[in-house]
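Single-letter residue listing:
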Number of protein chains: 2
Amino acid sequence: MNTERHKDHETHETHEAPRNAVRPARLAATAHDDGVDAAAAAARRLIAALLLAGDHTDADMTGVAKQLHAIADQLEAHAPAREERMVAMWRGEGITRHDPVTGPENALAPPLALYGKDDGSIEGTVTLGLPYQGPPGCVHGGVSALLLDHTLGVANHWSGTSGMTAELTVRYHRPTPLFEPLTITGRQISVDGRKIRTVGTVSAGGRDCVTAEGLFIDKHLPRPR
Amino acid sequence: MNTERHKDHETHETHEAPRNAVRPARLAATAHDDGVDAAAAAARRLIAALLLAGDHTDADMTGVAKQLHAIADQLEAHAPAREERMVAMWRGEGITRHDPVTGPENALAPPLALYGKDDGSIEGTVTLGLPYQGPPGCVHGGVSALLLDHTLGVANHWSGTSGMTAELTVRYHRPTPLFEPLTITGRQISVDGRKIRTVGTVSAGGRDCVTAEGLFIDKHLPRPR
């Protein structure tokens, strides 16, 4: 099934060459300890701390809001124009740095680190906290769908033929716990013309909580330039 | 189809009674201008500003990271224990304040404000920026799935019979644009025993970009207490 591996010239520069790479190969950008990655990591901690505190504490939320706006003012003053930034985002390794699932620059992303395996599948582990809650104490079903949609897309890259999601079916077998390590997997199962079929799972403690199958079409939107 | 409206005693306290409410009724918590809502709104701006800036600017990212960690330190010092906080989260109006789609206290949430309509459907409008990007300039397919899963759940509440997602099928018809107003809709179409079927759309400029259908089961996890 991986005969077309690395056909996808649009994206191959983001991954190690499977043939020579040490396994498993990291398929998402590695977070740096400094720069915007460090600031985004701190922002993640802040998001969780805000939600944990809530109202009715002695924390000075008005002061916190003022401080955050002041930092945002400073960042916006230094930021490039959006169009210019988007070109950089979609150049080279940049393309795995900003997404809302694996991106170290994106504070919405847990972030999930995904690794490619010899058998053509990919896998990652993540523990989710309060910001990702759906039912009490459990991961939001839509968050599992988000993680799986992205993971299936990365599994397609790893197998060499990727595309855009046409249809995603997500099945919920049991509640997915917060605060426990979750294993996320993805595996391309077929390529038939431009139609790509890919499956994935979210499991906890060795039991599948959520499974997904996706139909992808081998086409890509142009990158900003 | 709405014969069971308001059967759902677990959740009805979060919504206006449809019979007497001024239409359309707001189905998500209204964000306050102060307290944790204001701080979460500032945190959303910060997340977007970090991603817009990226690396390679003159912004002092090390300093930003330090400031954010200091704020998180302060919030964590004032925060209740997680178990205690979760009880408060799931009490009364709290249940629509913290989720990652509509929750004003959750900086991951855009947030999406949803309104119930007389015909039993619900609707909301949202414009998404860089943190929600999937393909270049477009909303991440998994983010659309997240918005739709949540919206279908709220549509179930509005129709009076809600439950947990068992299966969600999401179809992608055309790219969903960032930076433009999106309309999100949801509508419960049938209740058959404990099986609930619900549909929804994400549209831009009057054209459907993403559609979803969900199968929900009328059961609920216990709330923390």
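Preceding this section is the structure that the text describes.
Residues numbered from 1 in each chain as written. Chains lettered and ligands numbered in written order. Predicted model: local features only at pLDDT ≥ 70, side-chain atom pairs only at ≥ 80, totals over all residues. Heavy atoms only, no water.

### Digging into the overall build of chain A
Here is the rule: A run of DSSP states H or I qualifies as a helix once it reaches four residues; a run of E qualifies as a strand once it reaches two. Both are numbered from the N-terminal end. Remark: exposure states derive from per-residue accessible area (1.4 Å probe, protein chains only) relative to the maximum for the residue type, with buried under 20%, exposed over 50%, and partly exposed in between. We call two residues contacting when some pair of their heavy atoms lies within 4.5 Å. Shrake-Rupley sampling with a 1.4 Å probe provides the accessible areas, and residues are treated as covered by the protein chains on show and by no other component.
When you go through chain A residue by residue, the secondary structure sums to 4 helices and 7 strands. When its helices and strands are written in sequence order, chain A yields β-α-α-α-β-β-α-β-β-β-β. The buried share of chain A, reckoned over its 225 residues, is 58%. The long-range fraction of contacts in chain A, counting pairs at least 24 apart against all pairs at least 6 apart in sequence, stands at 66%. With the model as given, the accessible surface of chain A reaches about 9,100 Å², and the carbon-plus-sulfur share is 49%.

### Brief notes about the relation of the copies chain A and chain B
Note the following rule: Least squares is the method used to superpose the copies, on C-alpha atoms of residues holding a pLDDT of at least 70 in both.
Its rotation angle being 180°, the transformation that places chain A on chain B also includes 0.0 Å of axial translation and leaves an RMSD of 0.0 Å. The superposition operator between the copies reduces to a two-fold rotation axis. When each C-alpha of chain A is compared by its distance to the rotation axis, A:Thr169 comes out closest, at 2.1 Å. Counting the interface residues of chain A, we find that 100% of their copies in chain B are interface residues as well, pointing to one common contact surface.

### Here we look at the interface of chain A and chain B
Heads up, the rule is: As used here, buried area is the combined drop in accessible area, with a 1.4 Å probe, of two parts when they are placed together. Only one rule defines a salt bridge in this text: a Lys or Arg side-chain nitrogen within 4 Å of an Asp or Glu carboxyl oxygen. Pairs of N or O atoms are called polar contacts if they sit within 3.5 Å, as long as, within protein, a hydrogen donor faces a hydrogen acceptor (for residues adjacent in sequence, only side-chain-to-side-chain pairs). The criterion for strand pairing is that DSSP finds at least two bridges linking the strands in question.
Taken residue by residue, the interface counts 81 residues in chain A and 81 residues in chain B. The contact between chain A and chain B buries some 7,500 Å² in all, and 69% of this surface belongs to carbon and sulfur atoms. It is A:Arg45, A:Leu75 and A:Leu108 that lose the most area in chain A upon contact with chain B, and together they represent 9% of the buried surface on that side. Taken together, chain A and chain B are joined by 6 salt bridges. Between A:Arg45 and B:Glu76 there is a salt bridge, with its nearest N and O atoms 3.0 Å apart. Applying the counting criterion to the chain A and chain B interface returns 26 residue pairs in polar contact (both at pLDDT 80 or more). Only helix 1 (35–53), helix 2 (61–78), helix 3 (82–89), helix 4 (141–159) and strand 4 (164–172) of chain A provide two or more residues apiece to the side of chain A that touches chain B. Here strand 4 of chain A pairs with strand 4 (residues 164–172) of chain B via 5 bridges, running antiparallel. Residue pairing across strands places A:Val170 opposite B:Leu168, the latter belonging to strand 4 of chain B.

### Some remarks on the packing of aromatic side chains
Put simply, the rule reads: Centre distance within 6.5 Å is the pairing criterion for rings of Phe, Tyr and Trp, where only the six-membered ring of Trp is used; planes under 30 degrees apart are then read as stacked, over 60 as edge-to-face, and the remainder as tilted. Whether a charge sits over a ring comes down to the Lys NZ or Arg CZ being within 6 Å of the ring centre and within 35 degrees of the ring normal.
Tallied over the full model, the rule gives 0 aromatic pairs over all chains. Note that A:Arg82 overlies the ring of B:Phe179, its terminal NZ or CZ placed 3.4 Å from the centroid.

### Some thoughts on the packing of helix 4 of chain A against helix 4 (residues 141–159) of chain B
To keep things clear, this is the line we draw: Here an angle of 0 to 180 degrees is reported between the N-to-C directions of two axes, which are lines fitted to C-alpha atoms, with helices fitted over the stretch in contact. Throughout this description, any angle smaller than 35 degrees is read as roughly parallel, any larger than 145 degrees as roughly antiparallel, any in the 65 to 115 degree range as roughly perpendicular, and the remainder as oblique. It is the rotation of the near helix from the far one that decides the hand of a crossing: anticlockwise by less than a right angle makes it left-handed, clockwise makes it right-handed. Here the nonpolar group is Ala, Val, Leu, Ile, Met, Phe, Trp, Tyr, Cys and Pro; Asp, Glu, Lys and Arg are the charged ones; every other residue, Gly included, is treated as polar.
It is at 8 Å that the axes of helix 4 of chain A and helix 4 of chain B come closest, and there the two elements cross at 165°. Here helix 4 of chain A lies roughly antiparallel to helix 4 of chain B, going by the angle between them. For the pair helix 4 of chain A and helix 4 of chain B, the crossing hand works out as right-handed. Touching A:Gly141, A:Gly142, A:Val143, A:Ala145, A:Leu146 and A:Asp149 of helix 4 of chain A are B:Gly141, B:Gly142, B:Val143, B:Ala145, B:Leu146 and B:Asp149, all from helix 4 of chain B. A breakdown of the residues in the contact of helix 4 of chain A with helix 4 of chain B according to their chemical character gives 6 nonpolar, 4 polar and 2 charged.

### Section: the state of the cysteines
Spelled out, the test is: When two cysteine sulfur atoms lie within 2.5 Å, the pair is treated as a disulfide.
For the structure shown, the criterion picks out 0 disulfides over all chains. With no disulfide of its own, B:Cys138 lies 8.8 Å from the sulfur of B:Cys209, the closest cysteine sulfur.

### Thoughts on empty space enclosed by the protein
Put simply, the test is: Using only the protein atoms, space was sampled on a 1 Å grid; points where a 1.4 Å probe fits but cannot get out form cavities, open sets with protein on both sides within 12 Å along at least five of seven lines form pockets, and lining residues are those with an atom within 4 Å of a point. Grid points are joined across faces, edges and corners, and a volume is the space filled by probe spheres set on the points.
Taken as a whole, this structure holds 3 cavities of 30 Å³ or more when the rule is applied. Put simply, the largest cavity is a space of about 150 Å³. In terms of lining, the largest cavity is formed by 14 residues, of which the most central are A:Leu108, A:Tyr132, A:Leu146, B:Leu108 and B:Leu146. Elements with a minimum of two residues in the lining of the largest cavity: helix 4 of chain A together with helix 4 of chain B. Of the residues contributing to the lining of the largest cavity, the split by class is 14 nonpolar, no polar and no charged.

### A closer look at the nonpolar core
Formally: Take the buried Ala, Val, Leu, Ile, Met, Phe, Trp, Tyr and Cys residues and link them wherever side-chain atoms come within 4.5 Å; each set so joined is a nonpolar core.
If you look at the biggest cluster of nonpolar residues, it comprises 120 residues, and the most contacted ones within it are A:Leu75 and B:Leu75. Beyond its immediate chain neighbours, meaning those up to four positions away, A:Leu75 contacts B:Leu46, B:Ala49, B:Leu50, B:Ala53, B:Ala59, B:Met61 and B:Val64.

### Observations regarding unusual backbone geometry
Going from A:Pro110 to A:Pro111, the amide bond is cis rather than trans, its omega being -10°. With respect to the helices, strands and loops of the structure, A:Pro111 is situated in the loop between helix 3 and strand 2 (113–116). The backbone of B:His56 sits at a positive phi, close to 65°, despite the residue not being glycine. Along the chain, B:His56 falls in the loop between helix 1 (35–53) and helix 2 (61–78). Within the chain, B:Phe179 stands out as a residue other than glycine whose phi angle is a positive 65°.

### As for the pairing of strand 3 (residues 121–127) of chain B
All names here are of chain B. Of the pairings in the sheet, the one linking strand 2 (residues 113–116) to strand 3 comprises 4 bridges and is antiparallel in character. By the bridge assignment, tyrosine 115 is partnered in strand 3 with glutamate 123. Between strand 2 and strand 3, which pair antiparallel in sequence order, lie 4 residues; one of them, glycine 120, sits at a positive phi of approximately 95°. Bridge analysis of strand 3 against strand 5 (residues 181–192) gives 7 bridges, and the strand direction is antiparallel. Bridging across to strand 5, threonine 127 finds its partner in proline 181.

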